[in-house]
Amino acid sequence: MKFDVVGRMRNMRLPDGKAAILYSVYEAVSNAVHAIEDKFGKSEVGAKGDIQIDVLTDPKGNVESVSIA
C-alpha cells in the first residue's frame, strides 16, 4: 500500500501548525502499514493487520493527544 502524504497535505486547507500534526499522524499510520506488511506479507495485511488510532479531546472538542498502535 502506498500513501501520497505530500499530495494529500497539499489538498487540505489547515490552519498554521495543524498540517505538521496531521503529517505526523499520516507518517505514523504509514509506518504501521509497512510494519504489518513486513510481518505478515502484503497479501495478509487486510486479514491480519490492525491499526488502532485513538484521539483524546477535551470537553470543548480540542485534540489533546493522538495515539496510534
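Everything here concerns the structure above.
In what follows, the accompanying structure is described. (Residues numbered from 1 in each chain as written. Predicted model: local features only at pLDDT ≥ 70, side-chain atom pairs only at ≥ 80, totals over all residues. Heavy atoms only, no water.)

Digging into the overall build of the protein
Looking only at helices and strands, the protein features three helices and two strands. Secondary structure elements of the protein occur, N-terminal to C-terminal, as α-α-α-β-β. Burial status across the protein gives 16% buried among its 69 residues. Across the protein, contacts joining residues at least 24 apart in sequence account for 21% of those joining residues at least 6 apart. Roughly 5,500 Å² of accessible area belongs to the protein as shown, and the carbon and sulfur atoms make up 52% of that amount. (Helix = DSSP H or I, 4+ residues; strand = E, 2+ residues; numbered from the N terminus. Buried < 20%, exposed > 50% of the residue type's maximum accessible area, 1.4 Å probe, protein only. Contact = heavy atoms within 4.5 Å. Areas by Shrake-Rupley, 256 points an atom, 1.4 Å probe, with all protein chains shown as cover.)

Some words on the pairing of strand 2 (residues 63-68)
Across five bridges, strand 1 (residues 53-57) lies against strand 2 in antiparallel orientation. Bridge pairing in strand 2 links T57 to V63. Taking the residues that link successive antiparallel strands as the turn, the strand 1-strand 2 hairpin has five residues, and the phi of G61 there is positive, at about 95 degrees. (Pairing = 2+ DSSP bridges.)

Topic: the environment of A32
Relative to the helices and strands, A32 resides in helix 2 (residues 18-40). By relative accessible area, which is 16% here, A32 ends up buried. Residues A32 and I68, 36 residues apart in the sequence, show an inter-C-alpha distance of 8.4 Å.

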